[in-house]
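Structural overview
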Amino acid sequence: MDLPDFKPWAPWPQRASVAEAKRPGVYALARFEDGPPSAVDLQSPEIIYFGETCNQPLTGRWSQFHRSAFKHADGHSGGLSFSASFMEDQPGKVPDWLYVAACPIDLETPYRPAYIRFVERWLIWEYVQRHARLPICNKI
């Protein structure tokens, strides 16, 4: 199955610059110690989280992740998982290895939420098949 194209990796602090990030969609977070590759490989072992938002912009969901990940506030379970997994030694400091790639979706309801949820779950399924584990911040 061919999935829609993801926008290139962006450093977390520059996430608002991702093209069409004002749309809902699916996103991946990854840990790249030496910078991201030029192509987005959605099955890369460096992926730490797959997320989605159906009824708000990606930027809004990323703000919720940011609050949960770096301020340990409620609002995003993936952000809380990120905080517990990566932020114990450096609370509040955004690591320079965190990158986001996104797939904004331009469909109308009822297609948009169904498609977004399908794509996110498909990516998780493919990741688990390849790596025999969930991305570290995804909890199902």
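Preceding this paragraph is the structure being described.
Residues numbered from 1 in each chain as written. Predicted model: local features only at pLDDT ≥ 70, side-chain atom pairs only at ≥ 80, totals over all residues. Heavy atoms only, no water.

Quick notes on the overall build of the protein
Put simply, the rule reads: The numbering of helices and of strands both runs from the N terminus, where a helix is a DSSP run of H or I of at least 4 residues and a strand a run of E of at least 2. The reference for a compact globule is 2.2 Å times residues^0.38; the radius of gyration itself is calculated from the C-alpha atoms. Categorising residues by exposure relies on relative accessible area from a 1.4 Å probe, with only protein chains included: less than 20% of the type maximum marks a residue as buried, more than 50% marks it as exposed, and the intermediate range marks it as partly exposed.
Counting secondary structure elements, the protein contains 3 helices and 4 strands. Listed by position from the N terminus, the elements making up the protein come as β-β-β-α-α-β-α. For 140 residues, the compact-globule estimate of 2.2 N^0.38 gives 14 Å, and the protein sits close to it at 14 Å. Overall, the C-alpha framework of the protein stretches about 40 × 30 × 30 Å when taken along its three principal axes. Here the protein, with 140 residues, has 45% of them falling under the buried criterion.

Examining the sheet that holds strand 4 (residues 98–104)
Backbone-to-backbone hydrogen bonds join strands into a sheet, with any given pair of strands oriented parallel or antiparallel. Stated precisely, the cut-off is as follows: Here, any two strands with at least 2 DSSP bridges between them count as paired. In what follows, a contact means two residues having at least one pair of non-hydrogen atoms within 4.5 Å. The convention used is that axes are lines fitted to C-alpha atoms, helices contributing only their stretch in contact, and that angles between N-to-C directions extend from 0 to 180 degrees.
Taken together, the 4 strands give an open sheet; going across it, the order is 1-4-2-3, and neighbouring strands pair in antiparallel fashion. Each edge of the sheet is formed by a strand with only one pairing partner; in this case those strands are strand 1 (10–11) and strand 3 (47–53). Across the face of the sheet, helix 1 (residues 58–71) comes into contact with strand 2 (25–31), strand 3 and strand 4 while running at roughly 35° to strand 2.

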